[in-house]
Amino acid sequence: MYHLNSVTKIYTRRGQTVTALDDTTLEIPDNDFVAVIGPSGSGKTTLLSVLGGMLAPTTGQVLLGGESLYDLPIEDRTALRGTKIGFVFQSFNLIPWLTACENVQIPLVLAGESADRQRTRALEMLDRVGLADRTDHRPAELSQGQQQRVALARTLANDPQVILADEPTGNLDSETREQVMAYLTEFHQDGRTIVMVTHDPATAAYANRTIRLDSGVAKSIGNPKAA
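Remember, it's a predicted structure, so these values are computed and weren't measured experimentally.

(A) Expanded view of helix 5 (residues 144-156). Its 13 residues place the ends of helix 5 19 Å apart at the C-alpha level, agreeing with the 18 Å of an ideal helix rising 1.5 Å per residue. The buried fraction of helix 5 amounts to 12 of the 13 residues, a majority that puts the element mostly inside the structure. Those residues of helix 5 lying buried are G145, Q146, Q147, Q148, R149, V150, A151, L152, A153, R154, T155 and L156. Elements that come into contact with the buried residues of helix 5 comprise strand 6 (85-89), helix 3 (100-110), helix 4 (115-128), strand 7 (162-166) and helix 6 (174-189).

Now the structure itself:
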C-alpha cells in the first residue's frame, strides 16, 4: 500500500528551520492498522498529511499502490485522494448548517454522483454507524460522539481503501471513544488500511502495531499494548 523512502519534511517558522520528518522510511501494507504516537510536535500530523497527498515532502518519495504520489499532476492526486483515501479529524469538520445526511453526501457531490445515489449511499452509511434516526439532524443537535459517527459515515461514503485518522477520539469520553474505535476496527476488518495518530495508549491499543515518532524520526515500531 504505502512506501515512504527517505522522506524528509522541513519547514521554516519565524526564521527557524523545523524538521518535521527526518529521513523517514516506512512500509504500510494493505489492511494494516497502525497507531502513530509521540509527543506534541514530533511530526505525527505531518506524516498523515504526507500520506494523504496534501503535503509534499522536501525530499524523498511517497508511493501509494506503487504509484509515486507527488509525481502525479495536482488534478490526478486530488482525484486519487477523493476515491482512495478517507479522513477522520478530531474536530469532526462537519458543516453546521447541513444535516447529517447532507454532510455525508459531500464526498459524493464532489465525485459527481447523482442526487439519488448521494442520498441512498449517505443513508446506508449513517445506518451503519447507528444513526438512522438522526439523518435530518444538524451537528448542533447531535452529541460529540454522534458528530464523530457522522464524520465516520462521511469517510466511508466513497468506499476508500485507506482511512487516515488524526486523534479521532481526542474530544470524546471513554465510553464514546470505545464506540468510535469499535467502528474503526470494523472498517479495518472490511479490508481497509488505517493509519491513526493518537496520544492515548488505550486508543493505540486497538491497532495492530505502533510507529513512534520523536522529532520527526521513527524511533520504534512494535505492539501498541507494549508502547
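(B) Looking closely at the side chain of Q105. Mapped onto the fold, Q105 is located in helix 3. Other than its neighbours up to four places away in sequence, Q105 contacts Q118, R119 and A122.

(C) Region of interest: the pattern of salt bridges. Following the criterion strictly, the structure yields 8 salt bridges and no others. Linking R128 and D190 is a salt bridge whose minimum nitrogen-to-oxygen distance equals 2.4 Å. Of this pair, R128 sits in helix 4 while D190 sits in the loop between helix 6 and strand 8 (193-197), placing them 62 residues apart in sequence. Between D200 and R177 there is a salt bridge whose closest N-O contact spans 3.3 Å. Linking D200 in the loop between strand 8 and helix 7 (201-204) with R177 in helix 6, this pair joins segments that are 23 residues apart in sequence. Owing to a relative accessible area of 17%, D200 belongs among the buried residues under this scheme. Residue R177 is classed as buried on the basis of its relative accessible area of 17%. Taken together, the salt bridges that share partners define one network made up of R128, D159, E186, D190 and R192.

Reading the values: the criteria
Residues numbered from 1 in each chain as written. Predicted model: local features only at pLDDT ≥ 70, side-chain atom pairs only at ≥ 80, totals over all residues. Heavy atoms only, no water. Helix = DSSP H or I, 4+ residues; strand = E, 2+ residues; numbered from the N terminus. Expected span 1.5 Å × (residues − 1). Buried < 20%, exposed > 50% of the residue type's maximum accessible area, 1.4 Å probe, protein only. Contact = heavy atoms within 4.5 Å. Salt bridge = Lys/Arg side-chain N within 4 Å of Asp/Glu carboxyl O.

The analysis is restricted to geometry; functional conclusions fall outside its scope.
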